[in-house]
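Architecture at a glance
One letter stands for each residue in the lines below.
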Amino acid sequence: MRFLDYDIVFQEVPDETTLAINISGCPHHCLGCHSPQLWLDQGNVLTAQVLDTLIARYPYITCVAFMGGDADLPMLCSFADYVRTNYQLHTAWYTGLNWEQVPNELRHAFDFIKVGPYIKALGALKNKHTNQRFFRINTATGNIQSDLTYRFQGGNRQT
């Protein structure tokens, strides 16, 4: 698994200071994708040691988000488990898969999952007509705890 870059972000996961790692090799190739550079398998190899270095560099983060990783789901799951076990940080995953396609072990590995391919006519998470959804996951059961999509659309209701 490779990554092109990373950043500290404040809007990708509500109420979290997040280390967002952009994973390359995306198999979805959505029409209108905002990050087509992530389609190719390029960049630096992601390892536990790389994660250690990044997390140590940013001791104030509360979450690590894997932006992609769909091409190697077992490796993605192992990295999420590594972060949660060794650092007790929240984990998030942005995937082009639909909820029904998310393997059970990944439903237990992430505190937050954004699902759904980008469909240009429906827009991204900020669009009220989007097909994409952002869920808080109950990691004990692997079930959706709450739908936080509305938070990206300016809503303030609790679900």
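In what follows, the structure referred to is the one given above.
To start, this report covers the structure provided alongside it. (Residues numbered from 1 in each chain as written. Predicted model: local features only at pLDDT ≥ 70, side-chain atom pairs only at ≥ 80, totals over all residues. Heavy atoms only, no water.)

**Points about the packing of aromatic side chains**
The description of an aromatic ring pair uses the distance of the two centres, along with the angle that the planes make with each other. As a reminder, the rule being used: Pairing of aromatic rings covers Phe, Tyr and Trp, the last counted by its six-membered ring, and requires centre-to-centre distances within 6.5 Å; plane angles under 30 degrees mean stacked, over 60 mean edge-to-face, and any other angle means tilted. As a reminder, the over-ring test applies to NZ of lysine and CZ of arginine, requiring each to be within 6 Å of the ring centre and within 35 degrees of the ring normal.
Per the counting criterion, the structure on display carries 9 aromatic pairs. Among the aromatic residues, those joined into a ring-pair cluster are Tyr94, Phe112, Phe134 and Phe152. Here the guanidinium or amino end of arginine 107 rests over the ring plane of tryptophan 99, the centre of that ring lying 4.1 Å away.

**A word on the pattern of salt bridges**
Quick reminder of the rule: Salt bridges are counted wherever a side-chain nitrogen of Lys or Arg sits within 4 Å of a carboxyl oxygen of Asp or Glu. Segments assigned H or I by DSSP are reported as helices when at least four residues long, segments assigned E as strands when at least two residues long, and all are numbered from the N terminus. Burial classes: relative accessible area under 20% of the type maximum marks a residue as buried, over 50% as exposed, and values in between as partly exposed (1.4 Å probe, protein chains only).
Taken as a whole and judged by the stated rule, the model has 3 salt bridges. Aspartate 15 is paired through a salt bridge with arginine 151; the nearest N and O atoms lie 3.0 Å apart. Taken as a pair, aspartate 15 in the loop between strand 1 (2–9) and strand 2 (18–23) and arginine 151 in helix 4 (residues 149–152) lie far apart in primary sequence, 136 residues in all. Looking at aspartate 15, the relative accessible area reads 66%, which means it is exposed. With a closest N to O distance of 3.9 Å, arginine 133 and aspartate 147 form a salt bridge. In this pair, arginine 133 is assigned in strand 7 (residues 133–138) and aspartate 147 in strand 8 (residues 143–147), connecting sequence segments 14 residues apart. Looking at arginine 133, the relative accessible area reads 29%, which means it is partly exposed.

**Concerning the pairing of strand 6 (residues 112–115)**
We apply this condition: Two strands qualify as a pair provided DSSP detects at least 2 bridges between them. For a crossover, the right-handed case is the one in which the path from the first strand over the helix to the second runs clockwise, viewed with the strands pointing away from the viewer.
Neither face of strand 6 is exposed, since Phe112 and Lys114 on one face and Ile113 and Val115 on the opposite face are all buried. Relative to strand 6, strand 5 (residues 90–94) is paired through 3 bridges, and the arrangement is parallel. Across the sheet, residue tyrosine 94 finds its bridge partner in strand 6, namely lysine 114. Handedness of the strand 5-helix 3 (residues 104–109)-strand 6 crossover: right-handed. As paired elements, strand 6 and strand 7 share 4 bridges and run antiparallel to each other. Bridge pairing in strand 7 links phenylalanine 112 to arginine 136.

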